[in-house]
Amino acid sequence: MSFSCPEVTEWESKPLTRDVTLSCPKITTNSLTLPSKAQTEIDDELAALKEIMRSLRTRRNSLSPISSIPPEILGVIFVHHVQQTQLVYAPDSPAVLSWLKIGHVCRHWREVALGTPELWATPFLNSLQATEEMLLRSKMTSLKLKTGRRSYIDCVQKTLMHIERLQEVSLPSFRDIFGSSTTHCCIQKFLDRLSSCSAPKLQSLCLEAEIEQTPRIAIPISLLAPNLRSLQIKNCDISWTSSVLTGLTVLCIKKLSPECLPTLDELISVLRRMPALHTLELEDALPTLPPQTISLPRAPRFMNVRLSHLKQLHLAAKMLEVANVLARIELQESTTEIRLVCEGFSGNPNRQWNLSRPIISRALKSCFKASPDKSRQVPRSIQLHSTTTSCIRLHSSTVRNPSSWAGPKFGIDPDSLAGHSVTLEFDFPDEMRRTILCDLQRVVPLGNIEAMYFHFFFPCWDGFWTDVLGHGATRNLAYMHMHGPRQALEQLLESLRSRKHSVSRHVNRRSQQRPIFAPALSHLVLYGLEFSSAAWKGTRPSDLLDVLIDRVNEGQGLDHLEFISTTGILARDAELLREVVADVSWDEYESSIGEDFDLDDDSYDSNYFDPIHNYDFDSDYGYSS
């Protein structure tokens, strides 16, 4: 197939000259953008229809049952929702504003939200525009200032200008990327202004400065905050003669400088001026004692301070200093949470323990007494936790089984705080370990304990469980959860044997029969323990089986036995144990390791670099102040 082009004539091949012009209709911008009259009329009709539909939706929504709720009650519901959201998220997290969605549900809800100033009473300090808008919408309602790591200093200062409206001020210390405190100057300026300008609505004040900041922040002797009820300070100094320390219900002071520590009389005088105090927390803020103190000053009981409304008591200092303050405070049954952190000894530790123990014991017994009065609570569970050889944490609670205690991370469960709870933390020399452990049953009343949780790795001795718990503490023991060293398992099996084998003691070459250890024990959980296949290496699964058979013969067998991350238990061992215990739970931990990982594999590279294990998860990357 061939193609031919038309012949080009001579005049068509000549280029255009200057006198030739091309013309076209003139097009302007307005002619492209201006709609026609017909289009304008259609747009007007669409807008009218849209308004009619919006009006119809509003009328339809007004007929739904939820629209019958009065705006005042609906506003209260919104406020409760906002408060719950603020409890879940940090004040500088964008998610703390997720409650704004309620204003997008319908026109009526938006009008109620905009007309409820309490919804906007906690300004979002990550945006100056948001802060100003929330301050405007909150009208004259009381304000709550809560800062976070990403809060802007301009937003904080903008809010602090409304000092007459502030009800709650929380200024914790955060470091910015330059390494300096972002709140130190705010705290100082706020306190200076509070000394000259009245804050009639201020009820709660929480201030925290950097420990290395100099000069240290000092709380003025007089603050114009007549309704202040909660004071929490850390790394700030205060005079114990200050009028601020009057009429408080919450007092929390941490990390005072040595020159600002109170005398015992000053502290007692301050507590007398707080008859409604329900929370007292003093950390490194107690009166000091000379290192060679051999006795504590005694005062008549009527001179002690009686805190009838005290619910939470936290004291942290050296053991003798804690006991010195406890001796002057009359605790009541209303005290539901006690936490004593004894950070060490100065001088003779044995003498100081003997001085402190009866005072601590007497204070605890005043809160937890075995009494016919059913309104009095008694400890039902105890947790012994120690990850080092020189520190013991003892927690007791009136809740039988706090759920978080049974996990690999032992912490205080929120459910346990619903009842009475006691937390004791002792830091001591190694030579004092056995003495303190054997005295624990004399410190905390353990006669009604039903559940015990143990997590420790210090060495045990012969008769460990009987010495630590005694026979009275295990009388009602039904649940036991243990995570500890090999010796702890060996001693536990010795104690769990029948009366014939375990608790007999030879006195003057005669066997002395004593009550069986934990006669009511029905649930036993073994976590992270080690069984051996050879007797000379440690405890065998057959040793546990023998003990359980022995208890069954005595009529005191187990109902439930559980193994968690425990080595040395095989399938045949679990089957044999199920013939003695009705419910045996085994996670097959030993089998899973043997199948999936070979510790003796020659191909293992000791120089392998794992980027996950070397990643700094605690970095502040992505945060700005």
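Remember, predicted model here, so these are calculated numbers, not experimental data.

## Comments concerning the overall build of the chain
1) Next: Within the chain one finds 17 helices and 22 strands.
2) Next: A total of 625 residues make up the chain; the buried ones form 44% of that total.
3) Next: Considering only contacts within the chain whose residues lie at least 6 apart along the sequence, 67% involve residues at least 24 apart.
4) Next: When the accessible surface of the chain is totalled, it reaches about 34,500 Å², and 53% of it is carbon and sulfur.

## Looking at the pattern of salt bridges
1) Next: For the structure shown, the criterion picks out 21 salt bridges.
2) Next: Within the structure, one salt-bridge network assembled from shared partners comprises Lys-255, Glu-283 and Asp-284.

## Describing the confidence of the model for the chain
1) Next: For the chain, per-residue confidence averages 80 on the pLDDT scale, and residues scoring 70 or more make up 79% of the total.
2) Next: A low-confidence stretch, residues 500-512 stays under pLDDT 50, and its non-local contacts, those more than four residues away or across chains, total 23 contacts.

## Section: the environment of Ser-204
1) Next: Mapped onto the secondary structure, Ser-204 falls in strand 3 (residues 204-208).
2) Next: Overall, the relative accessible area of 16% leaves Ser-204 in the buried class.
3) Next: A sequence separation of 44 residues divides Ser-204 from Leu-248, and the C-alpha atoms of the two residues are 9.7 Å apart.
4) Next: Not counting the four nearest positions on each side in its chain, Ser-204 is found in contact with Gln-167, Glu-168, Val-169, Leu-228 and Ser-230.

## Topic: helix 7 (residues 153-160)
1) Next: Taken together, the buried positions of helix 7 are occupied by Cys-155, Val-156, Thr-159 and Leu-160. Along the axis of helix 7, the buried residues cluster in a sector spanning 135°; they form a single face.
2) Next: Of the surrounding elements, those touching the buried residues of helix 7 are helix 6 (128-137), strand 1 (143-146), strand 2 (166-171) and helix 8 (184-194).

## Digging into the packing of helix 15 (residues 541-553) against helix 16 (residues 571-578)
1) Next: Between helix 15 and helix 16, the shortest axis-to-axis distance is 10 Å and the interhelical angle comes to 0°. Overall, the two elements helix 15 and helix 16 adopt an arrangement that is roughly parallel. The residues of helix 16 that touch helix 15, namely those facing Pro-541, Leu-544, Leu-545 and Leu-548, are Asp-573, Leu-576 and Leu-577.
2) Next: Within the contact of helix 15 with helix 16, the residues separate by chemical class into six nonpolar, no polar and one charged.

Calculation rules
Residues numbered from 1 in each chain as written. Predicted model: local features only at pLDDT ≥ 70, side-chain atom pairs only at ≥ 80, totals over all residues. Heavy atoms only, no water. Helix = DSSP H or I, 4+ residues; strand = E, 2+ residues; numbered from the N terminus. Buried < 20%, exposed > 50% of the residue type's maximum accessible area, 1.4 Å probe, protein only. Contact = heavy atoms within 4.5 Å. Areas by Shrake-Rupley, 256 points an atom, 1.4 Å probe, with all protein chains shown as cover. Salt bridge = Lys/Arg side-chain N within 4 Å of Asp/Glu carboxyl O. pLDDT = per-residue confidence, 0-100. Arc of directions from axis to C-beta. Axes fitted to C-alpha atoms, helices over the stretch in contact; angles between N-to-C directions. Parallel < 35°, antiparallel > 145°, perpendicular 65-115°, else oblique. Nonpolar A, V, L, I, M, F, W, Y, C, P; charged D, E, K, R; others polar.

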